[in-house]
Amino acid sequence: MNFSTQDLDHLANLAHLTFSDSEKVAFASQIDHVLGYMGKLSEVVIAPSVLAAMPVPQMQLREDVVTPSAIPFLAENAPDWDAASNAFFVPKIS
Amino acid sequence: MSISQLQDQYRRGEITASAVLDQTYARIDSHDGEVKSFLFHTRALAYEIAGEVDARLAKGKTLPPLAGIPLGVKDNMHMSGEKTTCASKILENFQAPYDATVIARCKEALMLPIGKLNMDEFAMGSSTENSAFFPTRNPWDFSRVPGGSSGGSAASVAAGFVPLSLGSDTGGSIRQPAAFCGVTGLKPTYGRVSRYGLVAFASSLDQIGPLGRSVHDCAYLLDAISGHDARDATSANLPATQVVAHLAMSQKFLKIGIPRELIGPEIDDAVKACVESAIRWYEQQGHQIIWCDMASFSAAVATYYIIAPAEASANLSRYDGVRYGLRDKKADTLKTMIANTRGHGFGAEVKRRIILGTYVLSSGYYDAFYAKAQQVRSLITYEFQQAFQNVDVLLTPTAPTTAFAFGAHAQDPLAMYLADIATIPVNMAGLPALSLPCGFSDGLPVGMQIIGRAWDENTVMGLGHQFQLGTDYHTRVPAIGSVA
Amino acid sequence: MNTVFETVIGIEVHAQLRTNTKLFCGCPNQFGTGPNSNVCPVCLGLPGALPVLNKQAVIFAVTAGLGLHCQIRETSVFSRKNYFYPDLPKGYQISQYDLPICEHGHLDITVEGVSKRIGITRIHMEEDAGKLVHQGAEAISGSTGSLVDLNRACTPLIEIVSEPDIRSAQEARVYVENLRRILMFLGVCDGNMEEGSLRADANVSIRPVGTEKFGTRTEIKNVNSFRSLERAIESEVARQTALILSGSTVIQETRHYDDFTQTTKSLRSKADAHDYRYFPEPDLFPLHVSSAWIAEIKASMKLHPDAVLLKYKTEGLSEFEIQVLLDDPEMACFFDACCVDGVSPTAVAKWVVGDFQAILRDKKISFSDSPVAPAALTSLVQMIEKGTLSGKMAKEMLPAMMTGKDPESIVKESGATQISDGDALRPLIAAIIDQHPDVIEKVKSGKRNAADFLIGQVMKETKGRAKPDLVRTLILEDIQNR
């Protein structure tokens, strides 16, 4: 396992996160360390009978009935609320 | 004071709920400056409910068992109209627009919500050092952590601020701080308590549970918050528990399993000694002790730190600065805004786990990490099922050590993760488990864990209750003022 | 030497299900009165909110699967598809991924008399995203920012994925037309393409005729009518052909169809590699659909268009009427609602397909929004059959009925029923004949058509209310008796 700062950049891009340069080095090495430890999973052998024995819980369904729901604080909680159009404003997409 | 004592005083008309609140806030105001268990208080709501309790008392009406009992709430459960911060900058000013199901049920029970309790940010951590606001101190030793992530929940009970609190447990977040602070805490069976309104960390593992001074007190709270909730599709279609009633029955003789893996060299000698003496105590009561092997436990931590971050990486994607929470207002494009908001709004541990979770789900790594971890999770569940064919419960230390000093694991996340070895397998299999005090080492509490079959909180708590009827570890309190 | 290319098309159709509520919450499944008026903690993606699956959405998905001859999976699984976009509140879309609810179906099409079977790879359930309104420009590019409206977020969709069995724009059109008809007749989707209740994306590639290997495909989005689907595919095929003939290659990408220029353009040159990091949704356990439940759904299903065709044939409708009705499921639905006991389907069909359709089309109103209730049209037809109204009178009443009035009250108000009582007409007829002795002679000499003039006079005097057949009979009778 060799987790680099480039790997971190790639994942940060996927996860929409930023890191300072000093954070990056520490993070990359910590994550490398953790991923190295996780490598031990590859040694675990699992019999198919074990997987077959797992119970699968049932999905619970909802009847198709309207439950009216007003949400308080929609505008108060919004970081940039456009009151005129009752919508959330976001900066330009690209 | 225990719940039963408070109930008696209410019944005899010796106290009012408003007076209980006055005393509660007085004690918090005097001493929580040192412990720092609460993030903020919910006085207006508490006094409103106290007024209702007192009005009903005055009319001689019967009250639900927990009426007028103060309650602390971990700050990851919504209380409508109050903030829910998850101890994160990204939600610092978020106002909850609805009640979590557990909160609605506590309000219905006329409990008095005292305030919201500190925690590791988004419940990620084992020390409450990851709170974005301040660390909570262990009431037994202010230089030590209270454990985590429900550190505020455990410390507030230990310090005698509240008799009961709500915590959440994803890999040990109720049990480990309960052990570190010398209180009792239960992680119920997955699906026993609704997660609706609990801010998700890892959805398949998260479970809300009670912390209190005794098993008996915790049983009251579990009975109040459990039971099916149609708004949580993973909530089991079962009625509320009736553990309080069960505790009144005589204890049967049980087979208690001791996993060898959890009493080995990674456990501190002092902790081991306390747990071993508890094992002997149970043996003397007539229970049968059976040693067993749980080989898959050695892979549990690695499994957990794949599955939990994977789920968390998706659960935390909603904090994008669009609809609520923090936003970087300087960014002029959407992607920069989202990335900066998250980059600045999340603390180091949360970012670490998002990256880890993103990695194990990403193209090319999914099978080796996430898919494999799910298989190992099945193996762990399977081993528990096998073990429970021979024993009724498993007994282990809750944590390998007593409370550690602040900063002890600051540079080594993996060392902190490995300390969850005894609690993590339980979440993997969705089982109920209790942590209760079983001794002291250098003035610090030691906790033991009792793990039961799915849905068998009765047996787990019955056995814990028996221990507390015969020992006094749970009645000991730290020297903060004088605990009533 | 000229290479001849073959077009290979696969179609993905997103159909919005006609449930009362959204897929995972109890909000109404409609766009609401204003932006963000139709939202709750679940569809807003608030912290702590949890999805609970709508049972009716499952029933509709299974219904669609049965209508397209699919196998229904006993256990299907919802997953999280992870990506960031402001119209996606949770940062992931809950969608079925590797274990969809329906698989291995097919749909038959006929193009220019040739029948062909198009494979359906899968049907899966998923939630829709919200809507963005870009500010300062029509589209993302050039805009200063966007407004987010989450009314549509979490509304239920099924995505129907075809095999790459389609070989021309025309086949693609017929495939989507047939698919839409099936979904509409089964009551699963309202089929409205302009409003986006039914959206078709086309995966298009070309390959030299006779080769096996697929060419690089592009995905064409933003097609909101049958005509634009055909045009979009034709223009994309032309673009790909020109690229290959000029020695270039086709890049796998998503392209946006512009109805105005009738060309496709690259949506975004993705420097961002997509990695959706699908994994099973931990908030929802796997979905079990038992064979007993499937049987129950099958038993209560509405008629498949193939069955509707047979029904109309036995009811005696003309080929033309059947075709018109099958092409417009809303009209067919209206027609079916009109056909109550005691009224002849052929008589109803004449009106629905004929004059009534004409007046709706004239006013640009769809059958589902018709101000005339099916029951009102039925009573109109019944009044004609009873002789209370003439066809002409009935036709003249249609505009008044468009205000929502039923024919009985219109007739009551105007008194304009047909006069079919002979005794009421005889004195008038006698008076008119008296005034025209010349006509009496002509009729008596065998020129019966001369009576038409008298009929016209009677109709004029009765303002068209006299029943023409009866008037003719009575005039001839009167003249014979003179």
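Calculation rules
- Residues numbered from 1 in each chain as written.
- Chains lettered and ligands numbered in written order.
- Predicted model: local features only at pLDDT ≥ 70, side-chain atom pairs only at ≥ 80, totals over all residues.
- Heavy atoms only, no water.
- Helix = DSSP H or I, 4+ residues; strand = E, 2+ residues; numbered from the N terminus.
- Buried < 20%, exposed > 50% of the residue type's maximum accessible area, 1.4 Å probe, protein only.
- Areas by Shrake-Rupley, 256 points an atom, 1.4 Å probe, with all protein chains shown as cover.
- Lys, Arg positive; Asp, Glu negative; His and termini not counted.
- Charge placed at Lys NZ, Arg CZ, Asp CG, Glu CD.
- Arc of directions from axis to C-beta.
- Contact = heavy atoms within 4.5 Å.
- Buried area = accessible area lost by both parts, 1.4 Å probe.
- Salt bridge = Lys/Arg side-chain N within 4 Å of Asp/Glu carboxyl O.
- Polar contact = N/O pair within 3.5 Å; in protein donor to acceptor, adjacent residues only side chain to side chain.
- Nonpolar A, V, L, I, M, F, W, Y, C, P; charged D, E, K, R; others polar.
- Pairing = 2+ DSSP bridges.
- Patch = residues over 30% accessible without salt bridge, like charges linked within 9 Å, V, L, I, M, F, W, Y side chains within 5 Å.
- Phe/Tyr/Trp six-rings, centres within 6.5 Å; stacked < 30°, edge-to-face > 60°.
- Axes fitted to C-alpha atoms, helices over the stretch in contact; angles between N-to-C directions.
- Expected span 1.5 Å × (residues − 1).
- Parallel < 35°, antiparallel > 145°, perpendicular 65-115°, else oblique.
- Left-handed = near helix turned anticlockwise from the far one by under 90°.
- Domains from an automatic or database assignment.
- Core = buried A, V, L, I, M, F, W, Y, C linked by side-chain atoms within 4.5 Å.

**Comments concerning the overall build of chain B**
Inference 1: In terms of helices and strands, chain B carries 16 helices and eleven strands.
Inference 2: Its C-alpha atoms give chain B principal-axis dimensions of about 65 × 55 × 45 Å.
Inference 3: When each of the 484 residues of chain B is scored for burial, the buried share is 68%.
Inference 4: As displayed, chain B offers around 14,600 Å² of accessible surface, 50% of which is attributable to carbon and sulfur atoms.
Inference 5: For chain B, the distance from the average site of its 41 positive side-chain charges to the average site of its 45 negative ones is 4 Å.

**Regarding helix α13 (residues 437-444) of chain C**
All names here are of chain C.
Inference 1: Taken as a whole, α13 has its buried residues at Val 439, Ile 440 and Val 443. For α13, the angular spread of the buried residues around the axis is 105°, confining them to a single face.
Inference 2: For α13, the elements touching its buried residues are α12 (422-435), α14 (451-461) and α15 (468-480).
Inference 3: Backbone geometry just downstream of α13 places Gly 446 in the positive-phi region, at approximately 105°.

**With respect to the interface of chain C and chain A**
Inference 1: Contact with chain C, which involves 47 residues of that partner, is made by 31 residues of chain A.
Inference 2: Taken together, both faces of the contact between chain C and chain A bury some 3,200 Å²; the carbon and sulfur share is 64%.
Inference 3: When the buried surface of chain C facing chain A is broken down by residue, C:Phe84, C:Leu147 and C:Phe285 rank first, second and third, together holding 16% of it.
Inference 4: At the boundary of chain C with chain A, the tally comes to one salt bridge.
Inference 5: Across the pair A:Glu63 and C:Lys55 runs a salt bridge whose closest N-O atoms are separated by 3.6 Å.
Inference 6: Taken together, the connections running from chain C to chain A amount to 16 residue pairs in polar contact (both at pLDDT 80 or more).
Inference 7: Broken down by secondary-structure element, the contributors of at least two residues to the side of chain C that touches chain A are β2 (53-54), α1 (55-67), β9 (131-135), β10 (145-149) and β17 (287-288) of chain C.
Inference 8: Among the elements that line the side of chain C that touches chain A, the one with the most residues is β10(C), at four residues.
Inference 9: Taken together, the residues of the side of chain C that touches chain A sort by class into 28 nonpolar, 14 polar and five charged.
Inference 10: Both strand β3 (residues 87-91) of chain A and β10(C) contribute to a ladder of four bridges, which runs antiparallel. Residue pairing across strands places A:Pro91 opposite C:Gly145, the latter belonging to β10(C).

**Considering the environment of C:His124**
Residues and elements named next belong to chain C.
Inference 1: Within the secondary structure, His 124 sits in strand β8 (residues 114-127).
Inference 2: Judged by relative accessible area, which is 6%, His 124 ranks as buried.
Inference 3: For the pair His 124 and Cys 27, spaced 97 residues apart in the sequence, the C-alpha separation amounts to 22 Å.
Inference 4: If we skip the residues at most four places from it in the chain, His 124 touches Ser 95, Gln 96, Pro 100, Ile 101, Leu 157, Ile 158 and Glu 159.

**Some words on a negative patch on the surface**
Inference 1: A surface patch of like charges, here negative, comprises C:Asp190, C:Glu194, C:Glu195 and C:Asp369.
Inference 2: Here C:Asp369 falls in the exposed class, since its relative accessible area comes to 57%.

**Looking at unusual backbone geometry**
The general pattern is negative phi for most residues beyond glycine and trans for most peptide bonds.
Inference 1: B:Ser149 follows B:Gly148 through a cis peptide bond whose omega is 5°.
Inference 2: With respect to the element layout, B:Ser149 can be found in the loop between β3 (112-117) and α5 (151-158).
Inference 3: Of note in the backbone geometry, A:Phe73 takes a positive phi value of approximately 65° without being a glycine.
Inference 4: Summarising the element assignment, A:Phe73 is placed in the loop between β1 (61-62) and α4 (74-77).

**Some details on the pattern of salt bridges**
Inference 1: A complete count under the given rule lists 47 salt bridges over all chains for this structure.
Inference 2: With a shortest N-O distance of 3.2 Å, C:Glu103 and C:Arg73 are connected by a salt bridge. Of the two residues, C:Glu103 sits in strand β7 (residues 102-111) while C:Arg73 sits in the loop between β3 (71-72) and β4 (75-76), which places them 30 residues apart along the sequence.
Inference 3: What makes C:Glu103 buried here is its relative accessible area of 17%.
Inference 4: Counted as one network, the salt bridges with shared partners bring together B:Arg195, B:Asp232, C:Arg80, C:Glu281 and C:Asp283.

**A look at the packing of aromatic side chains**
Inference 1: Applying the stated criterion across every chain, the model contains 33 aromatic pairs over all chains.
Inference 2: Ring geometry for B:Tyr366 and B:Tyr370: centres 5.2 Å apart, planes at 40°, overall tilted.
Inference 3: For B:Tyr366, a relative accessible area of 23% translates into the label partly exposed.
Inference 4: For B:Tyr370, a relative accessible area of 2% translates into the label buried.
Inference 5: A centroid spacing of 5.7 Å and a plane angle of 75° characterise the contact between C:Phe356 and C:Phe367, whose relative ring orientation is edge-to-face. One end of the pair, C:Phe356, is in helix α8 (residues 345-362); the other, C:Phe367, is in the loop between α8 and α9 (374-386), and eleven residues separate them in sequence.
Inference 6: We classify C:Phe356 as buried; its relative accessible area is 0%.
Inference 7: In this structure C:Phe367 comes out as buried when scored by relative accessible area, which is 7%.

**Here's the deal with the sheet that holds strand β8 (residues 288-292) of chain B**
Residues and elements named next belong to chain B.
Inference 1: Reading across the sheet, the eleven strands line up as β1-β3-β2-β4-β6-β5-β10-β11-β9-β7-β8 and stay open at both edges, with mixed pairing between neighbours. Two strands close off the open sheet at either side, each with one partner strand: β1 (38-41) and β8. For this sheet, the mean angle separating the axes of adjacent strands, direction not counted, is 30°.
Inference 2: Where strand β10 (residues 433-441) meets strand β11 (residues 444-452), eight bridges bridge the pair, whose relative direction is antiparallel.

**Quick notes on the environment of A:Gln60**
Inference 1: Here A:Gln60 lies in the loop between α3 (48-52) and β1.
Inference 2: Once you skip the residues sitting within four places of it in the chain, A:Gln60 turns out to touch B:His228, B:Asp232, B:Ala233, B:Ser235, B:Ala236, B:Asn237, C:Val52 and C:Leu53.
Inference 3: A distance of 3.4 Å separates the side chain of A:Gln60 from the backbone oxygen of B:Ala233, its partner in a polar contact.

**Remarks on the interface of chain A and chain B**
Inference 1: Listed by partner, the interface residues are 47 residues for chain A and 64 residues for chain B.
Inference 2: Overall, the association of chain A and chain B removes approximately 4,700 Å² of surface from exposure, summing both partners, and the carbon and sulfur fraction of that is 70%.
Inference 3: Our count for the chain A to chain B interface comes out at two salt bridges.
Inference 4: Linking chain A with chain B are 15 residue pairs in polar contact (both at pLDDT 80 or more), by the criterion used here.
Inference 5: Put simply, the parts of the chain that give the side of chain A that touches chain B at least two residues each are α1 (5-15), α2 (21-38), α3, α4 and β3 of chain A.
Inference 6: Considering each element in turn, the side of chain A that touches chain B owes the most residues, nine residues, to α2(A).

**What about α12(C)?**
Residues and elements named next belong to chain C.
Inference 1: Compared with the 20 Å implied by 1.5 Å per residue over 14 residues, the 20 Å span of α12 between its first and last C-alpha is a close match.
Inference 2: Along α12, the positions that sit buried rather than exposed are Gly 422, Leu 425, Ile 429, Ile 432 and Ile 433.
Inference 3: Buried residues in α12 make contact with α13, α14 and α15.

**Comments concerning the packing of helix α5 (residues 305-314) of chain C against helix α6 (residues 319-327) of chain C**
Residues and elements named next belong to chain C.
Inference 1: Here α5 crosses α6 at 150°, and the two axes come no closer than 10 Å. Judged on the interaxial angle alone, α6 and α5 are roughly antiparallel. The handedness of the crossing between α5 and α6 is right-handed. Residue-level inspection shows Pro 305, Val 308, Leu 309, Tyr 312 and Lys 313 of α5 in contact with α6, the latter providing Glu 319, Ile 322, Leu 325 and Leu 326.
Inference 2: Partitioned by chemical class, the residues of the contact of α5 with α6 number seven nonpolar, no polar and two charged.

**Examining the domain arrangement of chain C**
Inference 1: Split by domain assignment, chain C resolves into domain 1 (5-291), domain 2 (316-414) and domain 3 (422-480).
Inference 2: Taking the mean C-alpha position of each, domain 1 of chain C and domain 3 of chain C sit 67 Å from one another.

**Considerations on the nonpolar core**
Inference 1: Counting 182 residues, the largest nonpolar core has B:Phe122, B:Phe384, C:Ile11, C:Ile158 and C:Tyr175 as the members making the most contacts within it.
Inference 2: Among residues more than four places away in sequence, those in contact with C:Tyr175 are C:Ile11, C:Leu107, C:Ile109, C:Ile118, C:Ile120, C:Ile160, C:Ser162 and C:Ile166.
Inference 3: Counting residues in hydrophobic clusters, the runner-up holds 89 residues, among them B:Leu45, B:Leu71, B:Ala154 and B:Val460.

**Things to note about the sheet that holds β3(A)**
Inference 1: Strands sit in the order β2(A)-β3(A)-β10(C)-β9(C) across an open sheet of four strands; the sheet is antiparallel. Of all the strands in the sheet, just β2 (81-82) of chain A together with β9 of chain C have a single pairing partner and so form its edges.

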